[in-house]
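# Coordinate inspection notes
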Amino acid sequence: MKKVIIFSLLMITALLWGGNSVFSYDGYPIRYYGQDIYSLGMGDTGASDLFRFNSGYGNPAQFNRSNKTIFGTGIIFGFTAYESEYGGETRSFRDDALDFPYFSVSTPFKKHRFGFQFSPYATGVVKNQYVRPDSTMERQEVEKYIYHADLIYSYNYHGLNLGISGNFFFGHDYHTFEQSSADYSVPTKESLKSSFKNPTITIGAIQTYHDHAFGVHATMPVTLEGESKRNSFHSSEEPVDFEYKLPLMVAASYTGLMIKELKVASDLSYETYSEISDDYRDALKLGVGLAYEPSSIRKKHWWQKVPLRAGYSYRQLAFKSSAEDLDESTISAGLSIPLKNEINRLDLAFQYQIRGALKTNHLRDKSYMMMFGFTGFDIISSAPDRTAPRDIPKAEDLEQW
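What counts, and where the lines are drawn
Residues numbered from 1 in each chain as written. Predicted model: local features only at pLDDT ≥ 70, side-chain atom pairs only at ≥ 80, totals over all residues. Heavy atoms only, no water. Pairing = 2+ DSSP bridges. Helix = DSSP H or I, 4+ residues; strand = E, 2+ residues; numbered from the N terminus. Salt bridge = Lys/Arg side-chain N within 4 Å of Asp/Glu carboxyl O. Buried < 20%, exposed > 50% of the residue type's maximum accessible area, 1.4 Å probe, protein only. Patch = residues over 30% accessible without salt bridge, like charges linked within 9 Å, V, L, I, M, F, W, Y side chains within 5 Å. Areas by Shrake-Rupley, 256 points an atom, 1.4 Å probe, with all protein chains shown as cover. Lys, Arg positive; Asp, Glu negative; His and termini not counted. Charge placed at Lys NZ, Arg CZ, Asp CG, Glu CD.

With 14 bridges joining them, strand 2 (residues 70–86) and strand 18 (residues 363–376) adopt antiparallel strand pairing. Bridge pairing in strand 18 links Tyr82 to Asp365. Direction of pairing for strand 17 (residues 345–355) relative to strand 18: antiparallel, over a ladder of 11 bridges. Its bridge partner being in strand 18, Gln351 is matched across the sheet by Met369.

Let's shift gears to the pattern of salt bridges. Across all of its chains, the model carries 18 salt bridges by this definition. Linking Arg355 and Asp365 is a salt bridge whose minimum nitrogen-to-oxygen distance equals 2.9 Å. One end of the pair, Arg355, is in strand 17; the other, Asp365, is in strand 18, and 10 residues separate them in sequence. Of the residues examined, Asp365 reaches a relative accessible area of 0% and is grouped as buried. Taken together, the salt bridges that share partners define one network made up of Asp36, Asp49, Arg52, Lys263 and Glu293.

Bringing the pairing of strand 5 (residues 112–131) into the picture now. With two bridges connecting them, strand 1 (residues 30–31) and strand 5 associate as antiparallel partners. Note that in strand 5 the partner of Ile30 across the bridge is Thr123. Pairing geometry for strand 4 (residues 103–109) and strand 5, over seven bridges, is antiparallel. Looking across to strand 5, one finds that Thr107 is bridged to Phe114. Turn length for the strand 4-strand 5 hairpin, with the two strands adjacent in sequence and antiparallel, is two residues, and the turn residue Lys110 shows positive phi of about 60°. Where strand 5 meets strand 6 (residues 137–157), 19 bridges bridge the pair, whose relative direction is antiparallel. When the bridges of strand 6 are listed, Arg113 appears paired with Ser154. Linking strand 5 to strand 6, which pair antiparallel, is a turn of five residues; within it Ser135 sits at a positive phi near 75°.

Glancing now at a negative patch on the surface. Side chains of Glu225, Glu227, Asp241 and Glu243 sit close together on the surface and give a patch of like negative charge. When residues of the negative patch are traced back to their parent elements, those giving at least two are strand 10 (222–232) and strand 11 (240–246). Structurally, Glu243 is set in strand 11.

Shown next, in the form of structure tokens:
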């Protein structure tokens, strides 16, 4: 239990960190779709992958059909290189990143499954400091997070998985601006802090047919409500009402075992942001992936038994940058290391991502991320120690009558 508490505190602390992007000034550039590390190393696909112990529940019907209780979490770390083009001059800066993309647990009861998942929905963090020719220093900082905590239920009926989850969204949007100079005795500092929350639901279904699985799921639109407060070096204003709208999101997915030991997957998601504002376009994301899943019984050497995968995803972001559309491309690869039993597994993945273009947006992100995922139940716990010495009674000698 002590290990569980310590691990949970570390996870919650890391969740306060987030993905970094120079486009955070314009919107929420980093988006999570409820997948686990296995899926992130396979083109961010797998919303209908029922052919493994899946611990990502973007589609609530995803709950595995095994009779096992499954725990899953992961970590993403690396760095993002920012690039900017202004006046014919290109500048760059490298920033570190650390994030926990999800924490999930599910448990079965006959044909039913109940579970919980906590993960980021969208994030954006960036800091910028600039010294003007007159030695005036300007510093800007943006910190944006939207999280969601989900209570999930699914039911299996003759090859059809049906699922529903209650999603509680909450987050904040902080903007800070500072200016100081040797010529001014009083520096300038202003901040605008907004926080918001509200619930919605996600419904989903996955139909299997032999070695194929087809899935659909949708998250209902919701208006996150809260308050916003402006502060400055001189004064603090009264809070005012604030709201942030999330659109309808629909997704379709396919997973299939095409031949022995080879699996393919494809996910498509669509978000109706144009209905929220004329300044937005509908957001689209398409991912495709390929996985090699060898049979450990038929392989002789250990390196032949390692599952491998790779994938690609393309995403159209809803908001613009420099009045131009903003796109994102990602390539990824990964492998798995089986641990104690059939459930416990360590997933490793690498992701290279490009967001934006210098030619059109005059800004660009290049992210290099390593990912580690843990799936199982007894990874962070230990079995009770039953090796203590015990007194074993000696056999009693009985006299013969």
